[in-house]
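These are the residues of each chain, in order.
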Amino acid sequence: MLDLTLPLPVENLALEEALLEELDEQGGAPVLRFWESDHLFVVLGRGSRLADDVNLDVCKRDGILILRRASGGGTVLQGPGCLSYALVLPLNWHPDLASIRTANRFILERIATALREWEPATSFRGVSDLAIDGMKISGNAQRRTRKALLFHGTILHGMSADLVTRYLKHPSRQPDYRSDRPHQTFLRTLNAPPQAIKQAIARAWNAESTNCEWPTARMPRIVKTVLARSQESP
């Protein structure tokens, strides 16, 4: 387990890609990472459209950074009150990692079980969400390489839906269970301390905190890659 938040949003995105690249090229043990930035910023999915998803004028006026990650999935607002996690796993670690669909269910069902300590109604919904009584608390995405998988997501524990509405538009693509609801009636938070959430998820994956080194040598190059990607269209 790596509980590490780096100073800059771009560094936090880059570290997840560095961990994936390291495992793909060098092998090694699976990693569970947690982080929570003290900066508000927007993260687009690899194929998300800036004009469709983001209130760009408001972001510019408020100085909100906009980045693009390597994985798919939708656009999210990250920052205080939004716990981020990442699982970096060898693809041969479990048979259910063989496809996107089976990996979503395998990983999210296990995390949902951990979160039921606070909310018994927590369930896997849509393609890659966790929800409580039909209200979303977590969105997730994957990035696959030849030998490894990055599965990462966010868990809302203190970020208000009003803040999300300020910076993100109503999505053009949405899961059926959303039923076209606005952010204010679709999103909610998990009422649990972030440290306790991390401990519950770590127990679910038998992850233990260690003093393992993380791939610092890869970081400068990957930071540049994330910044370059974030300038791309769409």
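Residues numbered from 1 in each chain as written. Predicted model: local features only at pLDDT ≥ 70, side-chain atom pairs only at ≥ 80, totals over all residues. Heavy atoms only, no water.

1. Structural notes on helix α7 (residues 194–204)
Residue pairs three or four apart in sequence face the same way in an α-helix, which turns once every 3.6 residues. Ile197, Lys198, Ala200, Ile201 and Ala202 are the residues of α7 that are buried. On its buried face, α7 is in contact with β1 (2–3), β2 (31–35), β6 (82–90), α4 (100–115) and β10 (148–156). The first or second residue beyond α7 is Asn206, which carries a positive phi of 55°. (Buried < 20%, exposed > 50% of the residue type's maximum accessible area, 1.4 Å probe, protein only. Helix = DSSP H or I, 4+ residues; strand = E, 2+ residues; numbered from the N terminus. Contact = heavy atoms within 4.5 Å.)

2. Quick notes on the sheet that holds strand β3 (residues 41–44)
The three strands are arranged β4-β3-β5 in an open sheet whose pairing can be described as mixed. The open sheet has two edge strands, β4 (65–68) and β5 (76–78), and neither has a second partner. Strand-to-strand twist of the sheet, defined as the mean angle between neighbouring strand axes without regard to direction, takes the value 30°. Relative to β5, β3 runs antiparallel, the two sharing three bridges. When the bridges of β5 are listed, Phe41 appears paired with Gln78. On the sheet, helix α1 (residues 9–26) packs against β3 and β4 and is oriented at approximately 15° with respect to β4. (Pairing = 2+ DSSP bridges. Axes fitted to C-alpha atoms, helices over the stretch in contact; angles between N-to-C directions.)

3. Overview of empty space enclosed by the protein
The full count for this structure, using the stated rule, is one cavity of 30 Å³ or more. Around the largest cavity, the lining residues are Leu13, Glu16, Glu17, Arg69, Ala70, Ser71, Leu150 and His152. Counting only elements with at least two residues in the lining of the largest cavity, the list comes to α1 and β10. For the lining of the largest cavity, the element with the most residues is α1, which contributes three residues. In terms of residue class, the lining of the largest cavity is made up of three nonpolar, two polar and three charged. (1 Å grid on protein atoms, 1.4 Å probe; cavity = no way out; pocket = protein on both sides within 12 Å on 5 of 7 lines; lining within 4 Å. Points joined across faces, edges and corners; volume = space filled by probe spheres on them. Nonpolar A, V, L, I, M, F, W, Y, C, P; charged D, E, K, R; others polar.)

4. Remarks on the layout of surface pockets
As a volume, the second largest pocket reaches approximately 290 Å³. As for the second largest pocket, its lining consists of 18 residues, and the residues nearest its centre are Ala29, Pro30, Val31, Cys212 and Glu213. For the lining of the second largest pocket, the secondary-structure elements that each account for two or more residues are α1 and β2. Ranked by residue count, the leading element in the lining of the second largest pocket is α1, at four residues.

5. Regarding the packing of aromatic side chains
Inspection of the entire model under this criterion finds four aromatic pairs. An angle of 20° between the planes, with centres 6.3 Å apart, marks the rings of Trp35 and Phe41 as stacked. Here the aromatic rings of Tyr177 and Phe186 are separated by 5.3 Å at their centres, their planes lie at 50°, and the arrangement is tilted. Put simply, the rings of Trp93, Phe106 and Trp205 touch in pairs and so form one group of aromatic residues. Lying over the aromatic face of Trp205, Arg110 brings its terminal NZ or CZ to 4.2 Å of the ring centre. (Phe/Tyr/Trp six-rings, centres within 6.5 Å; stacked < 30°, edge-to-face > 60°. Lys NZ or Arg CZ within 6 Å of the ring centre and 35° of its normal.)

6. Quick word on helix α8 (residues 219–230)
In this model, α8 (twelve residues) spans 16 Å end to end at C-alpha, consistent with the 16 Å of a helix rising 1.5 Å per residue. Those residues of α8 that sit buried are Met219, Ile222, Val223, Val226, Arg229 and Ser230. Projected down its long axis, α8 shows its buried positions confined to an angular sector of 130°, all on one face. Pointing more than 90 degrees away from the buried face of α8 are the exposed residues Pro220 and Lys224. (Expected span 1.5 Å × (residues − 1). Arc of directions from axis to C-beta.)

On their own, these measurements won't tell you what the molecule is for.
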